[in-house]
Amino acid sequence: MGKQRILSGIQPTGTLHLGNYLGAIRNWVDLQQEYEAFLFMADLHAITVPHDPAQLATSTYQVAAMYIACGIDPEQATIFVQSHLPAHAELAWLFNCVTPLNWLERMIQFREKAVKQGENVSIGLLDYPVLQAADILLYEPDLVPVGEDQKQHLELTRDIATRLNFQYGRAEEPILKLPDPLIREAGARVMSLTDGTKKMSKSDPSEQSRIDLTDPPAVISKKLKRAKTDPQRGLWFDDPERPECHNLLSLYMLLSNQTKAAVAAECREMGWGQFKPLLAETAVEALRPIQGRFHELMADRGYLEAILKRGNEKANAIAQQTLTRVKDALGYSRPL
């Protein structure tokens, strides 16, 4: 019996930040040893909100380079580009035709983003959980690494698969495999530097709210020096009255690869004036090798293209099998 398969992806919008690294990519680096990993750049999702066409292709290559720079091994993991495989969009359309509208209308993230966009909200924003279901179900993963904010979308994916299996399949031979969530360890949820109650996000208009993985050392130090804190002396975890304190200590714990108990003991008596430079130095050193490798990869476009071509071909072979199975079940003729 081979390895179980996992699948995940990140949108190539904006620059990847510490939250993407500590909350997802670093987790994938560990998981690639144990699982067959399929990791993609979700560029079809990137245009569900206003985007810069001049930047999309470059951003896609940057995400691929950052995956590898962070430790994803292209000899172990399959890295591919969503839009290079037409099966994603085609399966999403087939799913659209079996997914009730009210399932999408109750998606929490859609309601939140729709409020921000007002009249500019697109069908794509409403429908992207269906595309996400296609992204997942095409590759028959056993597990999907998800955070709390994505659990609802994975539940929708399972609902769509179950509905299609029930309507068009047979109980003894389901058309689609139902994936299970692989919940990340607690502590990898990285919060904003300007508000410890909000997740660090690429879409936050304030650059100060996040540390981008490509930020130079001076910028990292400056952002952490300005990070929101409180007037109390002494630092400790898990105080709901001190969300920023918990977030910055968690960052230090993750970047220094120490245990929570060790960090709690080390920082208990510290003031912010002593702790912030320590955190900045730790962050700079943790990101230095990643940044060096990233710039090497971005200077060698041919190497990146070869990796993506190989990944696209491997992913496409699996995706086409799933798509054909669904189309057969729905009654489509096959092309001659």
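Along every chain, residues carry numbers that run from 1 in the direction the sequence is written. Only residues with pLDDT of 70 or above have their local features reported here, since the model is predicted, and side-chain atom pairs are shown and tallied only from 80 upward, although totals for entire chains, interfaces and linings are computed over all residues. Only heavy atoms go into the side-chain values, all of them from the structure, while hydrogens and water stay out.

- If you look the protein chain up in an unreviewed UniProt entry, it shows as Tryptophan--tRNA ligase from Halomicronema hongdechloris C2206.
- UniProt positions are given in the numbering used here, feature names are shortened, and annotations may be inferred rather than shown by experiment. Turning to the protein chain, the UniProt annotation filed under Function (unreviewed entry) states: "Catalyzes the attachment of tryptophan to tRNA(Trp)."
- In its Subcellular location (unreviewed entry) section, UniProt records this for the protein chain: "Cytoplasm".

### Thoughts on the domain arrangement of the protein chain
Part 1: The start and end points of each domain follow an automatic or database-based domain assignment. Under the domain assignment, the protein chain is made up of domain 1 (5-188 + 301-330) and domain 2 (207-296).
Part 2: Each of domain 1 and domain 2 has a C-alpha centre, and these two points are 30 Å apart.
Part 3: Accessible area, probed at 1.4 Å, shrinks when two parts are joined; the buried area is that loss added up over both. At the boundary of domain 1 with domain 2, total buried surface from both sides reaches about 1,400 Å², with 75% on carbon and sulfur atoms.
Part 4: Salt-bridge detection follows one rule: a side-chain nitrogen of Lys or Arg within 4 Å of a carboxyl oxygen of Asp or Glu. At the boundary of domain 1 and domain 2, one finds zero salt bridges.
Part 5: Contacts described as polar in this section are N or O atom pairs within 3.5 Å, which, within protein, must combine one atom able to donate a hydrogen with one able to accept it, while residues neighboring in sequence count only if both atoms come from side chains. At the junction of domain 1 with domain 2, the criterion picks out four residue pairs in polar contact (both at pLDDT 80 or more).
Part 6: Per the convention used, a helix needs a DSSP run of H or I reaching at least four residues, while a strand needs a run of E reaching at least two, with both numbered from the N terminus. Listing elements by their share of the side of domain 1 that touches domain 2, those giving two or more residues are α1 (18-34) and α2 (53-69).
Part 7: Grouping the amino acids of the side of domain 1 that touches domain 2 by side-chain chemistry returns 11 nonpolar, four polar and one charged. In the scheme used here, Gly and all other residues not listed as nonpolar or charged are polar, with Ala, Val, Leu, Ile, Met, Phe, Trp, Tyr, Cys and Pro taken as nonpolar and Asp, Glu, Lys and Arg as charged.

### Points about the pattern of salt bridges
Part 1: Summed over the entire model, instances satisfying the criterion amount to 19 salt bridges.
Part 2: K314 is the salt-bridge partner of E36, the closest N and O atoms lying 3.9 Å from each other. Placement of the pair is E36 in strand β2 (residues 36-41) and K314 in helix α12 (residues 301-330), with a sequence separation of 278 residues.
Part 3: Only protein chains enter the calculation, and the probe is 1.4 Å; a residue is then buried if its accessible area is under 20% of its type maximum, exposed if over 50%, and partly exposed in between. Its relative accessible area of 40% is what places K314 among the partly exposed residues.
Part 4: Among the ionic pairs, K327 bridges to E90, the shortest N-O distance being 2.7 Å. Remark: E90 occurs in helix α3 (residues 87-96) and K327 occurs in helix α12; sequence separation between them is 237 residues.
Part 5: Of the residues examined, K327 reaches a relative accessible area of 23% and is grouped as partly exposed.
Part 6: On the accessibility criterion, E90 (30% relative accessible area) is partly exposed.
Part 7: Through salt bridges with shared partners, a single network forms among R5, E36 and K314.

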